[in-house]
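Summary of the model geometry
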Amino acid sequence: MVNTFSFSCSVCGRCCNSPPSMTLAELFRHPDRFIGCIAIGRVARWRPGQRLHVGRHEAVLDEADCAAFEVLADTLLYRAGDTFSIVAQGFDYPSLARCPALADDGRCAIHLQGKPLTCEVVPLDPLVPDSLQHLVLAERGSSAIYVGSACVQEGKRDDAALLVDEGRIADPHAKDALARRRRALEQERAIWTQAVFEALRSDLFDSPAALARIPAGGFLTISLVPALLSVAAASSRCRELCIDYIDSQLALIERSIVQALTRRRLDDRPVTQQLRGFANAYRHAKARLVDAAAIEQHNGTQALRPDIEAYLSGAVH
Ligand code: SF4
Ligand code: SF4
């Protein structure tokens, strides 16, 4: 079995075909470009002896693979019967088939202004143990997007950097990006995803009917509001930052819907409906936050979580 892959990005922009996963802080850095949402996915559990197939590639999971997955699951995922991922993500009309930061020349318009860390990790997957990243590459390499760009190649190549060699990440930059993305996901957990998991437990994670809304191999996308309400409680400054963010998002959603209406596509309609739901949730959340600010001013109380305040205002990454 081939478990060595090389990678060379020609910046063709093909894989920038949808908004990426982002941290909440990254969304706050680009409030007028990305519509934020929470994406919840189901992650398959791994068992020793289980066979994973990707095309003609195959791996039989051993104890070490499963232990490595458990370490990732313990720090980055959530267990409620099944295992789930909870991440912040950009949201847009799938019919556009492009990331809102993709410039017309195929380059990333925010490359130097806080490009999401998840884009630096491409084509690796931070939720897969390093020893099995070759399967991620095998899958990506055989997908239409990557076949067209020929950036993922089996084996060692003179014209591409060695990315994964015999089950280990060989490229130091890729290894560093992977580690930083995993650390960022851990930080997200401390800042808001654990709180959102608890807040959604009874309505979603403990309800088989609600969990059935998570599509196989896909994500359930919901409003970012539970995340905002969680971080807004950290301090009055966090609340102000959330209100500003909501104002930017409401304007962006409005612009996005207006553009969709001019395209007159049937498949845009459910997305427009979801965006209107996001806008309603934002308006209700803003009213709550404004009320909370008035009460706090009157009573003079203030919660303190300087770590969240620094995180949202971009002082720490
Ligand atoms: S598809 Fe491949 S070559 Fe094109 S931008 Fe993405 S990683 Fe780079
Ligand atoms: S943020 Fe930039 S690199 Fe990432 S998907 Fe969008 S255009 Fe591509």
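An unreviewed UniProt entry annotates the protein chain as Flagellin N-methylase of Paraburkholderia youngii.

Considerations on the site of ligand 2
In the vicinity of ligand 2, the contacting residues are Cys16, Cys99, Ala101, Leu102, Cys108, Lys115, Pro116 and Cys119. Here the shell around ligand 2 is composed, by residue class, of 7 nonpolar, no polar and 1 charged.

A few points about unusual backbone geometry
Along the chain, Val122 connects to Pro123 via a cis peptide bond; the corresponding omega equals 10 degrees. Mapped onto the secondary structure, Pro123 falls in the loop between α3 (117-121) and α4 (133-142). Even without being glycine, Ala150 reaches a positive phi, approximately 55 degrees. In this fold, Ala150 is placed in the loop between α5 (144-149) and β8 (152-154). You will see that Glu166, though not glycine, has its phi angle at about 50 degrees, which is positive.

Some points on the packing of helix α8 (residues 225-232) against helix α9 (residues 236-263)
Contact geometry for α8 and α9: axes closest at 8 Å, N-to-C directions at 155 degrees. Compared by their axis directions, α8 and α9 come out roughly antiparallel. From α8, Leu228, Val231 and Ala232 reach across to α9, where they touch Cys238, Arg239, Cys242, Tyr245 and Ile246. Among the residues forming the contact of α8 with α9, the class breakdown is 7 nonpolar, no polar and 1 charged.

Some details on the environment of Ile257
Turning to its location among the elements, Ile257 is positioned in helix α9. Distance from Ile257 to Val271, taken between C-alpha atoms, is 9.1 Å for residues 14 residues apart in sequence. Once residues within four sequence positions are removed from consideration, Ile257 is found in contact with Tyr93, Thr272, Leu275 and Arg276.

The rules we used
Residues numbered from 1 in each chain as written. Chains lettered and ligands numbered in written order. Predicted model: local features only at pLDDT ≥ 70, side-chain atom pairs only at ≥ 80, totals over all residues. Heavy atoms only, no water. Near = heavy atom within 4 Å. Nonpolar A, V, L, I, M, F, W, Y, C, P; charged D, E, K, R; others polar. Helix = DSSP H or I, 4+ residues; strand = E, 2+ residues; numbered from the N terminus. Axes fitted to C-alpha atoms, helices over the stretch in contact; angles between N-to-C directions. Parallel < 35°, antiparallel > 145°, perpendicular 65-115°, else oblique. Contact = heavy atoms within 4.5 Å.

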